[in-house]
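A closer look at the structure
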Amino acid sequence: MAENRLTASVITVSDSSHRGERADLSGPAVCSALQAKGFTVEGTEIVPDDRTSIENALIEWANRVNLVVTTGGTGLALRDVTPEATASVCDRLVPGLPERMRIEGARRAPRAALSRGLCGVRNSTLILNLPGSPTAAVDSLNIVIDLLPHAIDLLKGQTAHDPVPGARY
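So, how was this worked out
Residues numbered from 1 in each chain as written. Predicted model: local features only at pLDDT ≥ 70, side-chain atom pairs only at ≥ 80, totals over all residues. Heavy atoms only, no water. Helix = DSSP H or I, 4+ residues; strand = E, 2+ residues; numbered from the N terminus. Buried < 20%, exposed > 50% of the residue type's maximum accessible area, 1.4 Å probe, protein only. Axes fitted to C-alpha atoms, helices over the stretch in contact; angles between N-to-C directions. Parallel < 35°, antiparallel > 145°, perpendicular 65-115°, else oblique. Left-handed = near helix turned anticlockwise from the far one by under 90°. Contact = heavy atoms within 4.5 Å. Nonpolar A, V, L, I, M, F, W, Y, C, P; charged D, E, K, R; others polar. Core = buried A, V, L, I, M, F, W, Y, C linked by side-chain atoms within 4.5 Å. Disulfide = S-S within 2.5 Å. Salt bridge = Lys/Arg side-chain N within 4 Å of Asp/Glu carboxyl O.

Some thoughts on the environment of Ala160
- Mapped onto the elements of the fold, Ala160 is located in the segment after helix 7 (148-155).
- Looking at Ala160, the relative accessible area reads 70%, which means it is exposed.
- Taking the C-alpha atoms as reference, Ala160 lies 10.0 Å from His150; in sequence the two are ten residues apart.

In structure tokens, the structure reads:
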């Protein structure tokens, strides 16, 4: 894993995209948003809505990049198991990021409150679940993207804190 740059991977969780029945629009949209903020996207993958497949992809990519982003499988449908797969491979959860995505997202789209996406840490890699629609995925990512470099620095052991402009604490 590169230590001095922001590296990411994007995993699209979708049965239909995995079978080739529907184009993956969310993964490329998330990649573009990450790249616009200085992340190097090391790779992408499409997996079915299957807990073991998701877990295996998360574990593989967490050994290679600073940030693993998933899109899809965070809703209420029976096959939406991305949060369960994420929880099972993470050492710790980071509830504040998905809480912020849901709160801010619900101001624009009330259904954002139905997302069960998680954020967690596996070793020194941050794993972030996003919704499956391209618009919701990018909107959710943009809500937290400016926090991700600092979170990644902390996971790398860089614990010096610069003051946050405008923060009152």
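More follows now that the structure is in view.
Things to note about the packing of helix 3 (residues 51-62) against helix 4 (residues 82-89)
- Taken N-terminus to C-terminus, the directions of helix 3 and helix 4 make an angle of 45 degrees; their axes are 9 Å apart at the nearest point. The orientation of helix 3 with respect to helix 4, classified from their angle, is oblique. Read as a crossing pair, helix 3 and helix 4 show a hand that is right-handed. Contacts from Arg51, Ile54, Glu55, Leu58 and Ile59 in helix 3 reach Thr82, Glu84, Ala85, Thr86, Ser88 and Val89 in helix 4.
- Of the residues in the contact of helix 3 with helix 4, the class split is five nonpolar, three polar and three charged.

Comments concerning the nonpolar core
- Ranked by size, the top nonpolar core spans 28 residues in total, and within it Leu34, Phe39, Leu67, Leu126, Leu128, Leu141 and Leu148 carry the most contacts.
- At the level of secondary structure, the elements contributing two or more residues to this core comprise strand 1 (7-13), helix 2 (26-36), strand 3 (67-71), helix 5 (96-108), strand 5 (119-122), strand 6 (125-130), helix 6 (134-144) and helix 7.
- Considering each element in turn, this core owes the most residues, five residues, to helix 6.
- Apart from residues lying up to four places away in sequence, Leu128 is in contact with Leu67, Val68, Val69, Thr70, Met101, Leu118, Cys119, Leu141, Val144 and Leu148.
- Ranked by size, the runner-up nonpolar core spans 14 residues in total, among them Ile54, Val89, Cys90 and Ile127.

Things to note about the state of the cysteines
- The full count for this structure, using the stated rule, is zero disulfides.
- There is no disulfide at Cys90, and the cysteine sulfur nearest it, in Cys119, is 7.6 Å away.

Some thoughts on the pattern of salt bridges
- Under the definition given, this model contains eight salt bridges.
- Across the pair Arg79 and Asp15 runs a salt bridge whose closest N-O atoms are separated by 2.8 Å. Here Arg79 is found in the loop between strand 3 and helix 4, whereas its partner Asp15 is found in helix 1 (residues 15-18), with 64 residues between them in sequence.
- Classification of Asp15 as buried rests on a relative accessible area of 16%.
- The closest approach of N and O atoms between Glu21 and Arg19, which form a salt bridge, is 3.0 Å. Pair check on accessibility: Glu21 and Arg19 agree, each one exposed.

Here we look at the environment of Val65
- Summarising the element assignment, Val65 is placed in the loop between helix 3 and strand 3.
- Residues Val65 and Ser26 lie 39 residues apart in sequence; the distance between their C-alpha atoms is 20 Å.

Observations regarding the packing of helix 2 against helix 6
- Their axes nearest at 8 Å, the elements helix 2 and helix 6 cross at an angle of 25 degrees. Judged on the interaxial angle alone, helix 6 and helix 2 are roughly parallel. Crossing handedness for the pair helix 2 and helix 6: right-handed. Residues Ser26, Ala29, Val30, Ala33 and Leu34 of helix 2 lie in contact with helix 6, whose contacting residues are Pro134, Ala137, Val138, Leu141 and Asn142.
- Among the residues forming the contact of helix 2 with helix 6, the class breakdown is eight nonpolar, two polar and no charged.

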